[in-house]
Amino acid sequence: VTIPVDRPLPNVTGNVKFEGNGATLESVSGYNGTIVAVDSTGRLDLSDVYITGFKRGFDHEPEEVAGLIDNSGVLNLERVTIARNDHEDGEFVESNPLLLNRSEASINNTTLYWNGLNSFAAILNHGHMRVSNSTFTANCKKQFVCIRAALCTWQCIPQALGSSEGSVTELVNNLISEGGFSECMLQGELVDLGGNFAPYDWCSLDGTKNTLRGSSSFGHFGNNGGFVPTFALRPGSSAIDIGNNDYCSPRDARLAARPVQGELDQENRCDAGAYEYGGGFGNPQVMAGGMNGLWFSRESDGHYVHIMRVSSDRVHVTWTAFDNSTRQLWIYAVI
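An account of the accompanying structure is given in this report. (Residues numbered from 1 in each chain as written. Predicted model: local features only at pLDDT ≥ 70, side-chain atom pairs only at ≥ 80, totals over all residues. Heavy atoms only, no water.)

On to the pattern of salt bridges. Side chains carrying opposite charge are able to pair once their charged atoms draw close together. Under the defined criterion, the tally for this structure stands at 8 salt bridges. Residues joined in a network through salt bridges with shared partners are D48, E78 and R79. (Salt bridge = Lys/Arg side-chain N within 4 Å of Asp/Glu carboxyl O.)

Put into structure tokens, the structure is as follows:
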């Protein structure tokens, strides 16, 4: 269901739990203000929501900056996707962040993809914030760059996360992809809890606790199971089996189980990012103890394969499909 947003929700002053169950919050009538603000006395738990279609901009004083989600209390995001939001056009129009934290915030199993901004980061932290098990890719800051006097142009500089002096930002088990960040914009304290993937030495992450090389190897962005769109990982992604299990959420953004061993030659560790490769969808192996879930391919919708281990050397396979006349077909096999 799509919920049109043309005005802010009432400020959160107490404890509020918003379970979206896959709802899309989308701007209508050009509304680009705040969706919700959490007061200093409030707590907001927001889950299973897709936020899209907003343009963030302002031409006033920086102290008047407000987030699309603006927190001065306690904010918890779980299984939230913020994608395909943009910035207002204009050389002197700066961007309000998508999420502005002034107090306590936790961001888990969240995906930020293809968000445009100008000047400020998509997520701006002035307080204490933990970002975990989340995916950031293709978020773009518009910047005027002159290569030489006669050659000046607008370029997109990847950017997603920023913080101010006195803030604390904890990072663990995140997938910081190509186009996810640019130079380190964290002016406050960075607490590196490990398990992150970045294709370069971003923000002085510790190479002994994180993976700073390789390719994220993304697949399809969209419906990969669960309530919100996610980025699937392809086989061989450098983000597979590198997480810190001490901070691994028991479920990914699709509610698929973590951790699942995605590479047979590596330890059974959770993956970096919001998507657990093999977590019930496209599992590369049949786990001991019975049925491991459903294999599904969006390119072949209507074909479903169940695999169940029935003994130490036998598996039961059920293939459900439809013929060209929409008649149901069932094929069983014991292999």
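All right, on to the pairing of strand 2 (residues 15–27) then. Within a regular strand, the side chains alternate between the two sheet faces. Pairing analysis gives 4 bridges linking strand 1 (residues 2–5) to strand 2, with the strands arranged parallel. Its bridge partner lying in strand 2, T2 is registered against T24. Both strand 2 and strand 4 (residues 43–52) contribute to a ladder of 9 bridges, which runs parallel. Note that in strand 4 the partner of L25 across the bridge is I51. (Pairing = 2+ DSSP bridges. Helix = DSSP H or I, 4+ residues; strand = E, 2+ residues; numbered from the N terminus.)

This model, assessed by the stated rule, comprises 1 cavity of 30 Å³ or more. In this structure, the largest cavity encloses a volume near 30 Å³. As for the largest cavity, its lining consists of R56, S95, N96, P97, L98, G116, L117, A121 and A122. Looking at the lining of the largest cavity, its residues break down into 5 nonpolar, 3 polar and 1 charged. (1 Å grid on protein atoms, 1.4 Å probe; cavity = no way out; pocket = protein on both sides within 12 Å on 5 of 7 lines; lining within 4 Å. Points joined across faces, edges and corners; volume = space filled by probe spheres on them. Nonpolar A, V, L, I, M, F, W, Y, C, P; charged D, E, K, R; others polar.)

Our next topic: the environment of T34. Mapped onto the elements, T34 comes out in the loop between strand 2 and strand 3 (36–38). According to the relative accessible area criterion, T34 is buried, its value standing at 17%. A sequence separation of 36 residues divides T34 from D70, and the C-alpha atoms of the two residues are 7.2 Å apart. If we ignore the near neighbours within four places in the chain, the residues touching T34 are R7, P8, A66, G67, L68 and D70. Polar side-chain contacts of T34 include one of 2.9 Å to the backbone oxygen of G67. (Buried < 20%, exposed > 50% of the residue type's maximum accessible area, 1.4 Å probe, protein only. Contact = heavy atoms within 4.5 Å. Polar contact = N/O pair within 3.5 Å; in protein donor to acceptor, adjacent residues only side chain to side chain.)

Turning our attention to the packing of aromatic side chains. Considering all chains together, one arrives at 5 aromatic pairs under this definition. Ring plane angle 40 degrees and centroid distance 6.1 Å describe the contact between Y113 and W114, whose orientation is recorded as tilted. Residue classification places W114 among the exposed residues on the basis of a relative accessible area of 54%. The interplanar angle of 40 degrees and the centroid separation of 4.5 Å between the aromatic rings of Y113 and F221 together place this pair among those described as tilted. (Phe/Tyr/Trp six-rings, centres within 6.5 Å; stacked < 30°, edge-to-face > 60°.)

Note that the residue after R258, namely P259, is joined by a cis bond; omega there is -15 degrees. Position of P259 relative to the elements: it lies in the loop between strand 23 (230–233) and strand 24 (294–296). At S29, a position not held by glycine, the phi torsion is positive, near 55 degrees. Within the secondary structure, S29 sits in the loop between strand 2 and strand 3. On the basis of relative accessibility, which here comes to 78%, the residue S29 falls in the exposed class.

Taken by themselves, the reported measurements are silent on function.
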